[in-house]
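# Descriptive analysis of the structure
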Amino acid sequence: MTRPPRRPVNPLEAAEALFSPAKKVAPAPAVERRAPPNVKELVSLKLDSDVLAYFQEDGPGWQDRINDTLRAAMSDKD
């Protein structure tokens with residue numbers, strides 16, 4: 001039994017095969033995962049250098065102090 005050639009013999013068919021649009025596979029839908037309550041998330045935040053220096057003056061724990069200040073601002077708004 002003879003097999004058909006693996007590649008097209010006709011140059012026009014070969015060119016069309018090369019430039020035919022690729023089949024697009026739809027990506028799986030993203031699953032939104034909610035973070036458990038009271039879990040800290042890593043973020044990138046731009047702060048003015050003097051604001052950063054103010055919170056870093058007292059040494060380690062400056063990120064927690066910024067978090068506490070932001071939390072206080074949230075409760076002031078309510």
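One can find the structure itself at the top, above this paragraph.
Here's what I pulled together on the structure shown here. Given the structure is predicted, the values throughout are model-derived calculations rather than measurements.

## Focus on the overall build of the protein chain
Scanning the protein chain from terminus to terminus reveals three helices and zero strands. Beginning at the N terminus, the succession of helices and strands in the protein chain can be written as α-α-α. Computed over the C-alpha atoms, the radius of gyration of the protein chain is 30 Å, more than 25% above the 12 Å expected from 2.2 N^0.38 for a compact globule of 78 residues. By element, 57% of the accessible surface of the protein chain is carried by carbon and sulfur atoms, the whole surface being about 8,500 Å².

## Things to note about the layout of surface pockets
One number sums up the size of the largest pocket: a volume of about 660 Å³. Along the walls of the largest pocket sit 16 residues, with Lys40, Glu41, Val43, Gln63 and Asn67 positioned nearest its centre. Here the element with the most residues in the lining of the largest pocket is helix H3 (residues 62-77); it accounts for seven residues.

## Side note on unusual backbone geometry
The backbone phi angle of Asn38 is positive, close to 65°, even though this residue is not glycine. Among the secondary structure elements, Asn38 is positioned in the loop between helix H1 (11-19) and helix H2 (49-56).

## Focus on the packing of H2 against H3
Packing of H2 against H3 leaves a shortest axis separation of 8 Å and a crossing angle of 110°. By the criterion of interaxial angle, the relationship of H2 to H3 is roughly perpendicular. The interaxial crossing formed by H2 with H3 has right-handed handedness. Contact residues: H2 offers Leu52, Phe55 and Gln56, while H3 offers Trp62, Arg65, Ile66 and Thr69. Class assignment for the residues of the contact of H2 with H3 results in four nonpolar, two polar and one charged.

## Focus on a nonpolar patch on the surface
A surface patch of nonpolar side chains, amounting to about 350 Å² of accessible area, comprises Val43, Leu45, Leu47 and Val51. You can call Leu45 exposed: its relative accessible area is 56%.

## Some remarks on the environment of Ser44
Looking at the element boundaries, Ser44 is found in the loop between H1 and H2. In sequence terms Ser44 and Val25 are 19 residues apart; their C-alpha atoms lie 33 Å from each other.

Conventions and cut-offs
Note on numbering: residues in each chain are counted from 1, in written sequence order. Two thresholds apply to this predicted model, a pLDDT of at least 70 for residue-level local features and 80 or more for giving and counting side-chain atom pairs, whereas whole-chain, interface and lining totals are computed over all residues. Only hydrogens and water are removed before side-chain values are computed, so all heavy atoms of the structure are retained for them. Only DSSP runs of H or I reaching four residues or more are called helices, and only runs of E reaching two or more are called strands; each is numbered from the N terminus. For this measure, only C-alpha atoms enter the radius of gyration; the expected value for a globule follows 2.2 Å times N^0.38, where N is the number of residues. In short, Shrake-Rupley with a 1.4 Å probe defines the accessible areas, and a residue's cover is counted only from the protein chains shown. Throughout, the protein atoms alone are placed on a 1 Å grid, and a set of points is a cavity if a 1.4 Å probe fits but cannot get out or a pocket if it is open with protein on both sides within 12 Å along at least five of seven lines; lining residues have an atom within 4 Å of a point. Grid points are joined across faces, edges and corners, and a volume is the space filled by probe spheres set on the points. Axis definition: a line fit to C-alpha positions, over the contact stretch in the case of helices; interaxial angles, taken between N-to-C directions, run 0 to 180 degrees. The scheme is simple: roughly parallel for angles under 35 degrees, roughly antiparallel for over 145, roughly perpendicular for 65 to 115, oblique for anything else. Crossing chirality is assigned from the near helix's rotation relative to the far helix, an anticlockwise turn below a right angle marking it left-handed and a clockwise turn marking it right-handed. Contact criterion: two residues are considered in contact whenever any of their non-hydrogen atoms come within 4.5 Å of each other. Nonpolar residues are Ala, Val, Leu, Ile, Met, Phe, Trp, Tyr, Cys and Pro. Charged residues are Asp, Glu, Lys and Arg, and all others, Gly as well, are polar. The patches reported here contain residues having more than 30% relative accessible area and no salt bridge. Joining distances are 9 Å for like charges and 5 Å for nonpolar side chains (Val, Leu, Ile, Met, Phe, Trp, Tyr). For salt bridges, the criterion is a side-chain nitrogen of Lys or Arg within 4 Å of an Asp or Glu carboxyl oxygen. Burial classification: accessible surface area is computed with a 1.4 Å probe over protein chains only, and a residue below 20% of its type maximum counts as buried, one above 50% as exposed, and the rest as partly exposed.

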